[in-house]
Structure formats: structure tokens, C-alpha cells
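# Remarks on the overall topology
Here are the chains, one letter per residue:
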Amino acid sequence: EPEVTQTPSHQVTQMGQEVILRCVPISNHLYFYWYRQILGQKVEFLVSFYNNEISEKSEIFDDQFSVERPDGSNFTLKIRSTKLEDSAMYFCASSENGVGGANVLTFGAGSRLTVL
Amino acid sequence: SQQGEEDPQALSIQEGENATMNCSYKTSINNLQWYRQNSGRGLVHLILIRSNEREKHSGRLRVTLDTSKKSSSLLITASRAADTASYFCATTRHSGGYNKLIFGAGTRLAVHP
């Protein structure tokens, strides 16, 4: 069963530091997503990415965030200067085609970010 | 903003009972999906229902969609302890936000042996 893999599983960082979270989507999927979930709260959409550019982004996804597909397999989320409130579980997901076209997301297991 | 909102927030039942979770949303949608999340894990897709469908089944799962009421329900029949998880509905907008799947707050289901 193909899966989305995420690294690291847990990262602890100091406030103000840069963090890069990595994801390897399913190989034949064309759309990529980042979501975050603060402990015990809802799963919040951050950004979707297609054809090497951002397709949609939320209000949360401000200038501190960026995404990149540096090669044919990795999809990364960078947080430039972390804040305490960035502490959350970050989920990467991918889909074969866009979700508006009735395609489903396959999620990774998540990267837990703790900002001290 | 258009979001799915589930109720109840938490549901506790005995094994063998049925569990019904409801979801409401605010704007016209393309489709509605249900996902499951075991504690601390990623979300797993359960079932998708398109806006022109009224009911769908998958094993012990039954999903209904009422677009006039902007609501959906997920029924899990003959529940098992392994069904213990959080369940989320998620929607994509009919116009705008085509590649944005928005999740509700979820229902935490506990099934007791």
C-alpha cells in the first residue's frame, strides 16, 4: 500500500528558529497539502500545491511559511521564525488529482513540532 | 468561512451498538468526505459522497447527504472497540477553494467492550 512519509516524527526547537518539515508524497500523486492540528483541536488547512506552485492557502499560511518541491520526490514546509503558537502536529497529504474533483487525500503520520 | 461542524463532539457507546455522527456545513459543496483519526495518528479516508448523491454504503459505514439542509451523517453499525477514534467530515467548495479540503472539529467516538 503506497504511503505518505514524513520526517522528522518529532522536532523540538527554540522560538525564533527555522524549521523544515519534510514529506515524500505518493509517487503518482500530483497535488500536495499541508495541514496542522494543535493538540486536541481541529485539523486546519494550510496550503495546497500543484504544478510547482501554491494552489490555495489559508490565512494561517502567512509570510513565515513557505513550501517547496526541491526535487521529484520531496515536498517541504518551512517555518522561518517559529513562535510558541506554531507548536502542533503537521500533516502532509497528497492526492492523485484535486480534491474538488472528488479525489481523496492520503495523509502521512505527521510531524510533531514543539516550540520552546 | 465554509466548514463542516460535527455533532456530537463526543460519543460513548457499547460494543455492538450503532454510532451516528452528524456534520453540517455552510456553503454549496462539490463533495463531502469522512475521515478517521486514531489518537496521535494521521487521518484515514473512509468514504466520499458527491453533492448529487443522497446515500452511500461501505461495509459497516453508511453516509447520507442532505444538500437542502447542508448536512451529512455517518452511521457505523455494530460498533467494535477498534472503531474508537475521532471522525471528521470534510468538504470542498462548489466554487472557489477547489483544491482546499476543509475539516470540521470532529466527533470523538469511544466504543467500550
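Everything in this summary refers to the structure shown in the same document. (Residues numbered from 1 in each chain as written. Chains lettered and ligands numbered in written order. Predicted model: local features only at pLDDT ≥ 70, side-chain atom pairs only at ≥ 80, totals over all residues. Heavy atoms only, no water.)

This part covers the side chain of B:Thr64. Turning to its location among the elements, B:Thr64 is positioned in strand 7 (residues 61–66). Excluding residues that lie within four positions of it along the chain, B:Thr64 makes contacts with B:Ile49, B:Arg54, B:Glu55, B:Ser71, B:Ser72 and B:Ser73. (Helix = DSSP H or I, 4+ residues; strand = E, 2+ residues; numbered from the N terminus. Contact = heavy atoms within 4.5 Å.)

Right, let's get into the sheet that holds strand 3 (residues 19–24) of chain B. Residue and element names in this part refer to chain B. Judged by pairing direction, the sheet is antiparallel, and its five strands sit side by side in the order 1-3-8-7-6 without closing on themselves. In this open sheet, the two strands that pair with only one neighbour each are strand 1 (5–7) and strand 6 (55–58). The mean inter-strand angle of the sheet, taken between neighbouring strand axes irrespective of direction, is 20 degrees. (Pairing = 2+ DSSP bridges. Axes fitted to C-alpha atoms, helices over the stretch in contact; angles between N-to-C directions.)

All names here are of chain A. With respect to topology, four strands assemble into an open sheet ordered 1-3-8-7, the strand pairing being antiparallel. Lying at the two open borders of the sheet, with one neighbouring strand each, are strand 1 (5–7) and strand 7 (65–68). With strand direction ignored, the average angle separating the axes of adjacent strands in the sheet is 15 degrees. Here strand 3 (residues 19–24) runs beside strand 8 (residues 75–79); their pairing, made up of five bridges, is antiparallel. Each residue of the ladder has a partner; that of Leu 21, found in strand 8, is Leu 77.

The next point concerns the interface of chain A and chain B. Contacts between the two partners involve 24 residues from chain A and, on the opposite side, 25 residues from chain B. Where chain A abuts chain B, roughly 1,900 Å² becomes buried across the two surfaces, and 56% of that area is made up of carbon and sulfur atoms. Across the contact surface, chain A and chain B share zero salt bridges. Across the chain A-chain B interface, the total number found is four residue pairs in polar contact (both at pLDDT 80 or more). At four residues, the largest contribution of residues to the side of chain A that touches chain B is made by strand 4 (residues 31–37) of chain A. Here the residues of the side of chain A that touches chain B sort into 13 nonpolar, eight polar and three charged. (Buried area = accessible area lost by both parts, 1.4 Å probe. Salt bridge = Lys/Arg side-chain N within 4 Å of Asp/Glu carboxyl O. Polar contact = N/O pair within 3.5 Å; in protein donor to acceptor, adjacent residues only side chain to side chain. Nonpolar A, V, L, I, M, F, W, Y, C, P; charged D, E, K, R; others polar.)

A word on the state of the cysteines. Defined simply, a disulfide is a covalent bond joining two cysteines at their sulfur atoms. Per the stated rule, a full pass over the model turns up two disulfides over all chains. The disulfide bridge from A:Cys23 ends at A:Cys92, spanning 1.9 Å between sulfur atoms. On the S-S bond that ties A:Cys23 to A:Cys92, the torsion sits near -65 degrees, and the link is left-handed. Taken as a pair, A:Cys23 in strand 3 and A:Cys92 in strand 9 (residues 88–95) lie far apart in primary sequence, 69 residues in all. The exposure class of A:Cys23 is buried, given its relative accessible area of 0%. Of the residues examined, A:Cys92 reaches a relative accessible area of 0% and is grouped as buried. Put simply, B:Cys23 and B:Cys89 are joined by a disulfide, and their sulfur atoms are 2.0 Å apart. (Disulfide = S-S within 2.5 Å. Buried < 20%, exposed > 50% of the residue type's maximum accessible area, 1.4 Å probe, protein only.)

Turning our attention to unusual backbone geometry. Apart from glycine, the bulk of residues carry a negative phi angle, and the bulk of peptide bonds sit in the trans form. Residues and elements named next belong to chain A. Here the residue pair Thr 7 and Pro 8 is connected by a cis peptide bond, since its omega of -10 degrees sits within 30 degrees of zero. Mapped onto the elements of the fold, Pro 8 is located in the loop between strand 1 and strand 2 (10–13). Phi is positive for Asn 51, which is not a glycine, with a value near 55 degrees.

Within the secondary structure, B:Asn31 sits in strand 4 (residues 29–37). The exposure class of B:Asn31 is buried, given its relative accessible area of 0%. There is a polar contact of 3.4 Å between the side chain of B:Asn31 and the side chain of B:Thr92. Apart from residues no more than four positions distant in its own chain, B:Asn31 is found in contact with A:Val99, A:Gly100, A:Ala102, B:Leu48, B:Ile49, B:Arg50, B:Ser51, B:Ala90, B:Thr91 and B:Thr92.

All right, on to the nonpolar core then. Counting residues in hydrophobic clusters, the biggest one holds 22 residues, and the most contacted among them are A:Trp34, A:Leu46, A:Phe61, A:Val67, A:Phe75, A:Leu77 and A:Tyr90. Setting aside its immediate chain neighbours within four residues, A:Phe75 contacts A:Leu21, A:Arg22, A:Cys23, A:Pro25, A:Phe32, A:Tyr33, A:Trp34, A:Phe49, A:Val67, A:Glu68 and A:Cys92. Core analysis: the second largest hydrophobic core is formed by 21 residues, B:Ile13, B:Leu32, B:Ile49 and B:Leu65 among them. (Core = buried A, V, L, I, M, F, W, Y, C linked by side-chain atoms within 4.5 Å.)

From the geometry alone we can't say anything about function, so treat these as descriptive.
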